[in-house]
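Structural features, examined
Listed here are the chains, written in short residue letters.
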Amino acid sequence: MTPTEDNPTTPPRASSDPGAAEQAVLALLERDDRRGALTALMRLYGDAIYRHCYGTLLDADLAADVHQTVFVEAWRDLPRFSGRSSFKTWLFAIARHRCLDALKIGRRRRSRFTTDDDAPEPADPARDAETDLAARSMLPPLENCLGGLRAESRTAVLLRFQESMSYEDMGKLTGELAGSLQARVARAMPVLRKCLEAAGVSL
Amino acid sequence: MAEPCTRWDAEGRLATERGETLDAHFAACPDCLAARAADAALSARLVETGARWQPPGDWEARVFARIAREAPARRFSWWYALFPALAAAGLAVFFFAPRGGGGPGSPDPSGAGFEVQIGVVDGAQVVRSENPKPGDTLRLTARVPTRDPARVAIRIYRDDRTLIFACGGGEVPCSLADDAVRAEVLMTAPGAYRSIILTGAGPLPAPAGTLDADAAAARAAGASVTLGEAVRVW
Ligand SMILES: [Zn+2]
């Protein structure tokens, strides 16, 4: 018995057994129920993918748009899903690419192709993907400070702490070594902490 | 007053992230204990903040509405992803016909003078429009508003960090065929393959290696930069 057969209107959330939930999605795909599979994936990972998009872009409208795009793409690619990764990793990979695209396009539209010289994290070799400073100043302090990190550092911190993703899984998403990602998170944390302290937030 | 101990930031956190055992210092040093507690509080704050980042209530319906709207374009879906970026840049896009299709796609009716086509090819044939795999060849053809090979360049990067193809800009000239510049590159590894096309009134800078650095250098040299969305190879 799969969870979706148990209750077709509420597929399992991510907090239930993720392996069983992924198996249920596969079973739906095998029955050619692409709509059911996408619905299950939306219920399982929709919130986490949105968090990832919002955390990368720090812009609710843009995040909502990219978030939907991720699932539209997932719909398109589901029939060819190879099973080489979990659905979760697969969706996060689509989301990561789409969010970074959106950052680039947004930055290009604002003609703010900032260089590494402007970045506040001198130790981080990842490319600068700083969000717009004027827009950021309207954000709550934690989001504002997250916006001060480069996108690669911000997403690594958020995947680590918000999604409890292992560095190995993160490495599958980004093509980087787990050790590089660990080091990036370790470097970003004091930057974030000091930024919050400077904003008067006590931890 | 003594400087506060910074060993937690310098090494303790990374050791913890690596799952290593910490030495006795970290259990006794007040500065390190405080920094560690602040990290834990920050991590809790991140979780708490993330729980407030929620998609709009009707997002699932919006996804299905978009799927319904976009369904007719699905046969072009592999390069469909390229379209928004190019359209946003005011460019026309035309498509290779998929295998078995009825001839080449049409240029955008807006008639803009700059067209880009991207496909996965085998020899002269476009063999697949969807789901590229390692070992496939990416072909990019761009009709650009100049016939001067010194004033046009194509760069293709994997994951924006690794330059895997460059022509023009004082390096090897881009190949010209049928009044278009062309790039062909074997996609050997999984990743996101993204191209930029540079056109300039003057000399174009040589590639430096990353997409951002090259785009910035081209802009600084007064060139126009067209950014393609990523083509994902799994
Ligand atoms: Zn200490």
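Placed above this text is the structure.
Residues numbered from 1 in each chain as written. Chains lettered and ligands numbered in written order. Predicted model: local features only at pLDDT ≥ 70, side-chain atom pairs only at ≥ 80, totals over all residues. Heavy atoms only, no water.

**With respect to the interface of chain A and chain B**
Counted only if it meets this: Two residues form a contact once any of their heavy atoms are found within 4.5 Å. The term buried area refers to how much accessible surface (probe radius 1.4 Å) is lost by two components on association, counted for both of them together. Throughout this description, the term salt bridge denotes a Lys or Arg side-chain nitrogen within 4 Å of a carboxyl oxygen of Asp or Glu. By the criterion applied in these results, polar contacts are pairs of N or O atoms within 3.5 Å in which, for protein atoms, one can donate a hydrogen and the other can accept it, and in which residues neighboring in sequence qualify only through two side-chain atoms. Secondary structure elements follow DSSP: runs of H or I no shorter than four residues count as helices, runs of E no shorter than two count as strands, and numbering proceeds from the N terminus. For this classification, Asp, Glu, Lys and Arg are treated as charged, while Ala, Val, Leu, Ile, Met, Phe, Trp, Tyr, Cys and Pro are nonpolar and the rest, including Gly, are polar.
Between chain A and chain B, the residue contacts involve 65 residues of the former and 52 residues of the latter. Taken together, both faces of the contact between chain A and chain B bury some 5,400 Å²; the carbon and sulfur share is 60%. The interface formed by chain A and chain B holds eight salt bridges in total. Of the charged contacts in the structure, one is a salt bridge between Asp212 of chain B and Lys104 of chain A, with a shortest N-O distance of 2.8 Å. On inspection of chain A and its partner chain B, the count reaches 14 residue pairs in polar contact (both at pLDDT 80 or more). Elements represented by at least two residues in the side of chain A that touches chain B include exactly helix 3 (34–57), helix 4 (60–77), helix 5 (87–109), helix 7 (141–148), helix 8 (151–161), helix 9 (167–174) and helix 10 (178–198) of chain A. Of the residues contributing to the side of chain A that touches chain B, the split by class is 28 nonpolar, 11 polar and 26 charged.

**Notes on unusual backbone geometry**
All names here are of chain A. A positive phi angle, close to 50°, is found at Leu58, a residue other than glycine. Structurally, Leu58 can be placed in the loop between helix 3 and helix 4. Not every positive phi belongs to a glycine, and Ser164 is a case in point at roughly 50°. Examined against the element boundaries, Ser164 turns out to sit in the loop between helix 8 and helix 9.

**Looking at the pattern of salt bridges**
Note the cut-off: Any residue under 20% of the maximum accessible area for its type is buried, any over 50% is exposed, and the rest in between are partly exposed; the area is computed with a 1.4 Å probe on protein chains only.
One pass over the structure, following the stated rule, counts 23 salt bridges over all chains. We note a salt bridge from Glu11 of chain B to Arg7 of chain B, for which the minimum N-O separation is 2.9 Å. Of this pair, Glu11 of chain B and Arg7 of chain B both sit in helix 1 (residues 7–17), four residues apart, roughly one helical turn. On the basis of relative accessible area, Arg7 of chain B is assigned to the partly exposed category, the value being 24%. By sharing partners, the salt bridges in this structure join Glu73, Arg76, Asp77, Arg80, Arg98, Asp101 and Lys104 of chain A together with Asp160, Arg194 and Asp212 of chain B into a single network.

**Topic: the environment of Val233 of chain B**
Residue and element names in this part refer to chain B. When you line up the elements, Val233 lands in strand 11 (residues 231–233). Counting along the chain gives 41 residues from Val233 to Ala192, while the straight-line C-alpha distance between them is 6.3 Å. Once you skip the residues sitting within four places of it in the chain, Val233 turns out to touch Pro132, Lys133, Pro134, Met187, Ala189, Pro190, Gly191 and Tyr193.

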